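What follows is each chain in one-letter form.
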Amino acid sequence: FLKVGDVVHASAIVSLLFGIVAENSSHGISLRSQEMYVIVYFARYCDLVFTLSDSYFSTFFKLLIVCLSCTIVAAIRLKYYDSYEESQEHEKAYWLFAPAAGLALLLPEG
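What you see is a predicted model, and the numbers here were worked out from it, not measured in a lab. (Residues numbered from 1 in each chain as written. Predicted model: local features only at pLDDT ≥ 70, side-chain atom pairs only at ≥ 80, totals over all residues. Heavy atoms only, no water.)

Enquirer: Could you give me a rundown of the packing of helix 1 (residues 2-23) against helix 4 (residues 56-79), with the residues and numbers involved?
Expert: Orientation of helix 1 relative to helix 4, taken along the N-to-C sense of each, is 20°, at an axis distance of 10 Å. Here helix 4 runs roughly parallel to helix 1, going by the angle between their axes. The two elements helix 1 and helix 4 cross, and the hand of that crossing is left-handed. Together, Lys3, Asp6, Val7, His9, Ala10, Ile13, Val14, Leu16, Leu17 and Ile20 of helix 1 and Phe57, Phe61, Leu64, Ile65, Leu68, Ser69, Thr71, Ile72 and Ile76 of helix 4 make up the contact between the two elements. The residue makeup of the contact of helix 1 with helix 4, split by class, is 14 nonpolar, three polar and two charged. (Axes fitted to C-alpha atoms, helices over the stretch in contact; angles between N-to-C directions. Helix = DSSP H or I, 4+ residues; strand = E, 2+ residues; numbered from the N terminus. Parallel < 35°, antiparallel > 145°, perpendicular 65-115°, else oblique. Left-handed = near helix turned anticlockwise from the far one by under 90°. Contact = heavy atoms within 4.5 Å. Nonpolar A, V, L, I, M, F, W, Y, C, P; charged D, E, K, R; others polar.)

Enquirer: So what's going on with the nonpolar core? Which residues, and what values?
Expert: By size, the foremost hydrophobic cluster in this structure holds 19 residues, and its most contacted members are Ile13, Ile20, Tyr41, Ile65, Ile72 and Ile76. Contributing elements (two or more residues each) for this core: helix 1, helix 2 (31-44) and helix 4. Top contributing element to this core by residue count: helix 4, with eight residues. If sequence neighbours within four positions are ignored, isoleucine 72 has contacts with Ile13, Leu16, Leu17, Ile20 and Gln34. (Core = buried A, V, L, I, M, F, W, Y, C linked by side-chain atoms within 4.5 Å. Buried < 20%, exposed > 50% of the residue type's maximum accessible area, 1.4 Å probe, protein only.)

Enquirer: How would you explain the packing of aromatic side chains if you had to name every residue and give the values?
Expert: Aromatic rings in a pair are described by how distant their centres are and how their planes are angled relative to each other. The tally for this structure, following the rule as stated, stands at four aromatic pairs. A ring pair is formed by phenylalanine 57 and phenylalanine 61, whose centres lie 4.6 Å apart and whose planes are at 45°; its orientation type is tilted. A residue pair is termed a helical-turn pair when its members lie 3 or 4 positions apart in one helix, as phenylalanine 57 and phenylalanine 61 do in helix 4 at four residues. Owing to a relative accessible area of 11%, phenylalanine 61 belongs among the buried residues under this scheme. Among the aromatic residues, those joined into a cluster by ring pairs are Tyr37, Tyr41 and Tyr45. (Phe/Tyr/Trp six-rings, centres within 6.5 Å; stacked < 30°, edge-to-face > 60°.)

Enquirer: Could you give an account of helix 2, with specific residues and numbers?
Expert: Across its 14 residues, helix 2 extends 20 Å between first and last C-alpha, which sits within 8% of the 20 Å expected from 1.5 Å per residue. Packed against the buried residues of helix 2 are helix 1 and helix 4. (Expected span 1.5 Å × (residues − 1).)

Enquirer: Run through helix 1, naming residues and quoting values.
Expert: Helix length check: helix 1 (22 residues) gives 32 Å between terminal C-alpha atoms against 32 Å at 1.5 Å per residue, within 8%. Each element contacted by the buried residues of helix 1 is listed here: helix 2 and helix 4. Backbone geometry just after helix 1 places asparagine 24 at a positive phi near 55°.

This is the structure:
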């Protein structure tokens, strides 16, 4: 099921990216959410740097998901920013990262 999950996840991100390009607009997409996804993916997949992954398939999809997510953020910030509705971003969620990082250090896995 992990392989199917990776394929579906990457497909969803590709679909979002194609939607942005096809509509030539980032209307209705939260830039903050996309930036937070990128941060989460970097934190979650940092094992690629320190260990060899269990399979080439898994490594490929981890890298693909990170690259596609970064591409979405770059596309919104650089090419489609004029259609981005910053006034619709209601929450300032960046303050969540400090407590989350603290809890991650206090409650390590294993």
